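Working through the structure, step by step
This is what each chain is made of:
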Amino acid sequence: MASAWTQLISIMSLILSLRWLPVSGDSSNALLLQSHREGSRPAMILPLHRSAPDSSISDFNPRRQLQRSQSQRHPNARMGLHDDLLRNGYYTTRLWIGTPPQRFALIVDTGSTVTYVPCSTCQHCGRHQDPKFRPQDSETYQPVKCTWQCNCDNDRKQCMYERRYAEMSTSSGVLGEDVISFGNQSELSPQRAVFGCENDETGDLYSQRADGIMGLGRGDLSIMDQLVEKKVISDSFSLCYGGMGVGGGAMVLGGISPPADMVFTHSDPARSPYYNINLKEIHVAGKRLHLNPKVFDGKHGTVLDSGTTYAYLPESAFLAFKRAIMKETHSVKQISGPDPHYKDICFSGAGIDVSQLSRSFPVVDMVFGNGHKFSLSPENYLFRHSKVRGAYCLGVFSNGNDPTTLLGGIVVRNTLVMYDREHTKIGFWKTNCSELWERLHVSDAPPPLPPKSEGTNLTKAFEPSVAPSPSQYNLQQGELQIAQIIIVISFNISYMDMKPYIPELAGLIAQQLDVNTSQVHLMNFSSLGNGSLSGWVITPRPYADVFSNATAMSMIARLSEHHMQLPDTFGSYKLLTWKAEPPLKR
């Protein structure tokens, strides 16, 4: 215990002696493609039934009411991803709606075509991560008025929407239009867009922690379609899911320059309302599975969906894949799965270091119709055994009698996936999603000033985080310039267990605090009793010398109030102390 206190005192001494550090570098056949929990593995391809015309949008096109941007420049919106597909059942991103902005955690779903959040008038909404949206508190909110083109509320004043899913969850409410902001990493200015304001939700939508859905599918109410119609972004978006045990990641609305070695395949929008790829073969350890070449082309083809957890193959393909994997796993032992209700195929003896799994499990290749090949590492087809340390289970399952091939988020962990809708293709690039911007060599640039609007102050929308009062954290109003924030955080996981994941931690902290990875610097990481102790310095962006008071207070509030969500690998954390330092006097 004395040793632990000595370490804590030494870090405190280091904090006191630190000075400013320079910064270094929907149709009737549509599918609901999602699996939020392991318990729903057997039934993955579920029909999404459009509601009858009298209870949903028909030919209404809300984008016609939105003012078009005259600018030919196409910026993009860089945004962080949070949570973990296997632990939470989804990935979320942050959107801010209204003026002043109200913050929401929304599930990123390429299979949904509408973005919606709980409304303050909701009569049956669950308890979610953030407060409900209050239209009356937004200076820029406008209801989408009732017309003959949409289904109207009982007073025939406002358009309504309804989404009904086969697993019995539903969402319904009114349509509104407001300013949507994309966070402080985005160079895309806040934009007016139509979204759903929920008045009722059931099933998983009611019980989930996330506030709502961010729909990235193809459709008039999709946030992507609205932004593309306004010509403020190019017709492309990208997702990058964090690795096994890490979670998080990044996303981009709009185009980015693809890496030279990104692997592309054709995606046919006419075949399905969901994003499909032209998969032709699967190889295991360099050996092609002996299958009918058309096996991956059945029914809806091969569908890529961000809301699905695992991968599901047609029965014949699954059996061949399982046999090939088991044939190549010589150094591990097959064991029972974590849940007796399922016949999971699991293995022990591979160790806890994800980067070393390729020593025990083979590489899997997806070969596309154009002959291009994309390689999957073991983390792209395995998930951790929840009851046996160092054990893993096959995250690929049979799709039963459904000949559709469904590739969920597990297949694209630590992979940048570019949905290039303009050129009808999807690209894959293996990378570390916690360090995506550094890997892409994307330079930090200040976001553009928001456009002026009559009677509306949109600059508020660039303050996405609601700051606590200055007195709450002993920051005086006069201290408007903060050159760095020093924090000391303890974890209840031992240093030795944390050590393999320390390189990922800076990126995760950066995502949770809405800053770039290059702004988060590790000072020290050591043991503290049965747990571990870490010291960090957070600095402004390279083009800025200081943080604003509000930004600094927002970061401290998130840490001290335990709003920072980290994967289970890191256990629970506690902010022990912090210090906000002004610039050095010259």
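Structure's up top.
Now for a quick tour of the structure. (Residues numbered from 1 in each chain as written. Predicted model: local features only at pLDDT ≥ 70, side-chain atom pairs only at ≥ 80, totals over all residues. Heavy atoms only, no water.)

**Concerning the overall build of the protein chain**
Heads up, the condition is: By the criteria applied, helices consist of DSSP H or I runs no shorter than four residues and strands consist of E runs no shorter than two, each listed in order from the N terminus. Under the scheme applied here, a residue whose accessible area is under 20% of the maximum for its type counts as buried, over 50% as exposed, and between as partly exposed, the area being computed with a 1.4 Å probe on protein chains only. Reported accessibility uses the Shrake-Rupley method at a 1.4 Å probe radius. Residues are deemed covered only where the shown protein chains occlude them.
Secondary structure assignment for the protein chain yields nine helices and 33 strands. Scored against the burial criterion, the 586 residues of the protein chain give a buried share of 58%. For the protein chain, the exposed area adds up to about 24700 Å²; of that, 51% sits on carbon and sulfur atoms.

**A look at helix H9 (residues 549–560)**
Note the following rule: Expected span, for any helix, means 1.5 Å times one less than how many residues it has. Contact criterion: two residues are considered in contact whenever any of their non-hydrogen atoms come within 4.5 Å of each other.
Between its first and last C-alpha atoms H9 spans 16 Å; for twelve residues at 1.5 Å apiece the expected length is 16 Å, and the two agree. Taking burial as the measure, the twelve residues of H9 include nine buried ones, the bulk of the element. When we look at burial in H9, the residues that qualify are Asn549, Ala552, Met553, Ser554, Met555, Ile556, Ala557, Arg558 and Leu559. In this fold, the buried residues of H9 make contact with strand E5 (102–109), strand E30 (484–491), helix H8 (502–512), strand E32 (531–538) and strand E33 (573–581). Immediately downstream of H9, the backbone of His562 shows phi near 60°, a positive value.

**Describing the side chain of Asp420**
Rule in force here: Side-chain atoms alone can form a polar contact between residues adjacent in sequence; in general such a contact is a pair of N or O atoms within 3.5 Å, and within protein one must be able to donate a hydrogen while the other accepts it.
Turning to its location among the elements, Asp420 is positioned in strand E28 (residues 415–420). A polar side-chain atom of Asp420 sits 3.0 Å from a polar atom in the side chain of His423. Non-local contacts of Asp420, meaning those with residues more than four positions away in its chain, are made with Asp235, Ser236 and Lys425.

**Concerning the state of the cysteines**
Here is the rule we go by: Criterion for a disulfide: a pair of cysteine sulfur atoms within 2.5 Å.
One pass over the full model with this rule turns up six disulfides. A sulfur-sulfur distance of 1.9 Å marks the disulfide that ties Cys122 to Cys125. Taking the torsion about the S-S bond as the criterion, the Cys122 to Cys125 disulfide, at about 90°, is right-handed. Neither residue differs from the other here; Cys122 and Cys125 are each classed as buried. What pairs with Cys150 in a disulfide is Cys159, and their sulfur atoms sit 2.0 Å apart.

**Brief notes about the sheet that holds strand E26 (residues 396–398)**
Note on sheets: strands pair through backbone hydrogen bonds, and any given pair is parallel or antiparallel. Selection criterion: Any two strands with at least two DSSP bridges between them are considered paired.
The strand order E15-E18-E27-E19-E26 describes an open sheet built from five strands, whose pairing is mixed. Strands with a single pairing partner mark the edges of an open sheet, and in this sheet they are strand E15 (276–277) and E26. Two strands pair when backbone bridges link them, and E15 and strand E18 (residues 302–304) are joined in this way by two bridges, in the antiparallel orientation. Looking at the pairing, Ile277 lines up with Thr302 of E18.

**Digging into the environment of Gly89**
Among the secondary structure elements, Gly89 is positioned in the loop between helix H2 (85–88) and strand E4 (92–97). Expressed as a C-alpha distance, the spacing of Gly89 and Thr308, which sit 219 residues apart in the sequence, is 8.1 Å.

**Brief notes about the pairing of strand E16 (residues 279–284)**
Pairing geometry for E16 and strand E22 (residues 364–368), over five bridges, is antiparallel. Looking at E22, one finds that Ile282 is bridged to Met366. Relative to strand E17 (residues 287–288), E16 is paired through two bridges, and the arrangement is antiparallel. Paired with His283 across the two strands is Arg288, which belongs to E17. If you look at the hairpin formed by E16 and E17, you'll find two residues sitting between the two strands, and Ala285 has a positive phi there, around 55°.

**Things to note about the pattern of salt bridges**
In plain terms, the rule: The salt bridge definition used is simple: a Lys or Arg side-chain nitrogen within 4 Å of an Asp or Glu carboxyl oxygen.
If you walk through the whole model with that rule in mind, you get 14 salt bridges. Its salt-bridge partner being Arg103, residue Asp130 comes within 3.9 Å of it at the nearest N-O pair. Note that Asp130 is positioned in the loop between strand E6 (116–118) and strand E7 (142–143) and Arg103 in strand E5, a separation of 27 residues in sequence. Arg389 serves as the salt-bridge partner of Asp497, at 2.8 Å between the closest nitrogen and oxygen. Taken as a pair, Asp497 in helix H7 (residues 495–498) and Arg389 in the loop between strand E24 (382–384) and strand E25 (391–394) lie far apart in primary sequence, 108 residues in all. Through salt bridges with shared partners, one network takes in Asp225, Asp235 and Arg421.

**Section: the packing of aromatic side chains**
For the record, the criterion: The aromatic pairing rule takes the rings of Phe, Tyr and Trp, using the six-membered ring of Trp, and pairs them if the centres are within 6.5 Å, calling planes under 30 degrees apart stacked, those over 60 edge-to-face and the rest tilted. Whether a charge lies above a ring is judged from NZ of Lys or CZ of Arg, which has to be within 6 Å of the ring centre and within 35 degrees of the ring normal.
Scanning the entire structure with this criterion turns up 19 aromatic pairs. Through pairs of rings, three or more aromatic residues link up here, namely Phe104, Phe133, Tyr141 and Phe195. Cation over ring: Arg78 sits above Trp437, and NZ or CZ is 4.2 Å from the ring centre. The ring of Phe264 has Lys425 lying over it, and the distance from NZ or CZ to the ring centre is 4.2 Å.

**A word on the sheet that holds E28**
Keep this limit in mind: Here, axes are lines fitted to C-alpha atoms. For helices the fit covers the stretch in contact, and angles between N-to-C directions go from 0 to 180 degrees.
With respect to topology, six strands assemble into an open sheet ordered E3-E13-E12-E28-E29-E14, the strand pairing being antiparallel. What marks the edges here is a single partner per strand, and that holds for strand E3 (77–81) and strand E14 (263–266). Adjacent strand axes in the sheet meet at a mean angle of 15°, parallel and antiparallel pairs treated alike. Bridge analysis of E3 against strand E13 (residues 249–253) gives five bridges, and the strand direction is antiparallel. Looking at E13, one finds that Met79 is bridged to Met251.

**Observations concerning the side chain of Thr302**
Looking at the secondary structure, you find Thr302 in strand E18. Assessed through its relative accessible area of 1%, Thr302 is described here as buried. Aside from chain neighbours lying at most four places away, what touches Thr302 is Tyr275, Asn276, Ile277, Leu279, Phe296, Thr405 and Leu407.

**What to know about the pairing of strand E29 (residues 425–430)**
Across four bridges, E14 lies against E29 in antiparallel orientation. Within E29, the position partnered with Phe264 by the bridge is Gly427. Connecting E28 to the next strand, E29, in antiparallel fashion are four residues, including Thr424 with a positive phi near 45°.

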